[in-house]
Amino acid sequence: MIHIGLQLFDALSAAHNAGIVHRDLKPDNIFLITRGKNTDFVKVLDFGIAKAGGGSSKLTRAGQVFGTPHYMSPEQCSGTDVDHRTDIYALGVIFYEMLAGQVPFDADNLMGILSKHLYEQPRPLRELAPDVPESIEHIVGRAMAKNADERYQTMDELADDLRRVQQGLA
């Protein structure tokens, strides 16, 4: 997971540094291919709803919603401005699903899913996957913070924490 995560963070960091926000990260848009001796080389696909712009540019009009409901950030769910931190939230959801075997928020309809992203906390990751280290649970939780200001502010910051865990420096 750490090997794949670090590649994802590097790819998205490059996109963010170029002013591009993906806005529809989900497992279907992340491919693992063999490249040379690396059997788990990450490719991030489908930038179809990505938007380019500076940190202060408005990426959507008020009330406009883009993305796949299970992986949308609270700001996407409410139709407010999004920035690169919406991709950080989506990666948190993807890692939660990877580790727990289920998405953190599910419901019978679109509005139910969106409401849960906005107002509910996910079931604790280690409750579903007891073998997950507490440090990984913390990283996933911070990536999925409801308030974008409480999330990791850059992919590089997130990658640094994951590298610390990889090195045993929780």
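What counts and how
- Residues numbered from 1 in each chain as written.
- Predicted model: local features only at pLDDT ≥ 70, side-chain atom pairs only at ≥ 80, totals over all residues.
- Heavy atoms only, no water.
- Helix = DSSP H or I, 4+ residues; strand = E, 2+ residues; numbered from the N terminus.
- Contact = heavy atoms within 4.5 Å.
- Areas by Shrake-Rupley, 256 points an atom, 1.4 Å probe, with all protein chains shown as cover.
- Phe/Tyr/Trp six-rings, centres within 6.5 Å; stacked < 30°, edge-to-face > 60°.
- Buried < 20%, exposed > 50% of the residue type's maximum accessible area, 1.4 Å probe, protein only.
- Salt bridge = Lys/Arg side-chain N within 4 Å of Asp/Glu carboxyl O.
- Patch = residues over 30% accessible without salt bridge, like charges linked within 9 Å, V, L, I, M, F, W, Y side chains within 5 Å.

Caption draft 1: Up close: the overall build of the chain. Helix and strand counts for the chain come out as seven helices and four strands. Intrachain contacts of the chain at a sequence separation of at least 6 include 63% that bridge at least 24 residues. Accessible surface, the chain as shown: approximately 8700 Å² in total, 50% of it carbon and sulfur.

Caption draft 2: Structural context of the packing of aromatic side chains. For the coordinates displayed, the defined rule picks out one aromatic pair. Here the aromatic rings of Phe9 and Phe95 are separated by 5.8 Å at their centres, their planes lie at 75°, and the arrangement is edge-to-face. Here Phe9, found in helix α1 (residues 2–17), pairs with Phe95, found in helix α3 (residues 85–100); they are 86 residues apart in sequence, far enough to count as distant. A single burial state applies to Phe9 and to Phe95, both of which are buried.

Caption draft 3: Summary view of the pattern of salt bridges. What the rule picks out here adds up to 10 salt bridges. With a shortest N-O distance of 3.6 Å, Asp10 and Arg163 are connected by a salt bridge. Highlighted residues: Asp10 in helix α1 and Arg163 in helix α7 (residues 155–166), separated in sequence by 153 residues. Asp10 gets classed as partly exposed once you look at its relative accessible area, which sits at 41%. Its salt-bridge partner being Glu137, residue Arg126 comes within 3.5 Å of it at the nearest N-O pair.

Caption draft 4: Looking closely at a nonpolar patch on the surface. On the surface, Phe31, Ile33 and Leu45 cluster together into a nonpolar patch covering about 230 Å² of accessible area. Take Leu45: it is sitting in the loop between β3 (38–44) and β4 (51–52). Judged by relative accessible area, which is 34%, Leu45 ranks as partly exposed.

Caption draft 5: Geometry of the environment of Leu91. Residue placement: Leu91 occurs in helix α3. Residue Leu91 is classed as buried on the basis of its relative accessible area, which comes to 0%. Apart from residues lying up to four places away in sequence, Leu91 is in contact with Leu8, Phe9, Leu12, Leu25 and Met155.

Caption draft 6: Focus on the environment of Ser135. Here Ser135 shows up in helix α6 (residues 134–143). For the pair Ser135 and Leu162, spaced 27 residues apart in sequence, the C-alpha separation works out to 8.8 Å.

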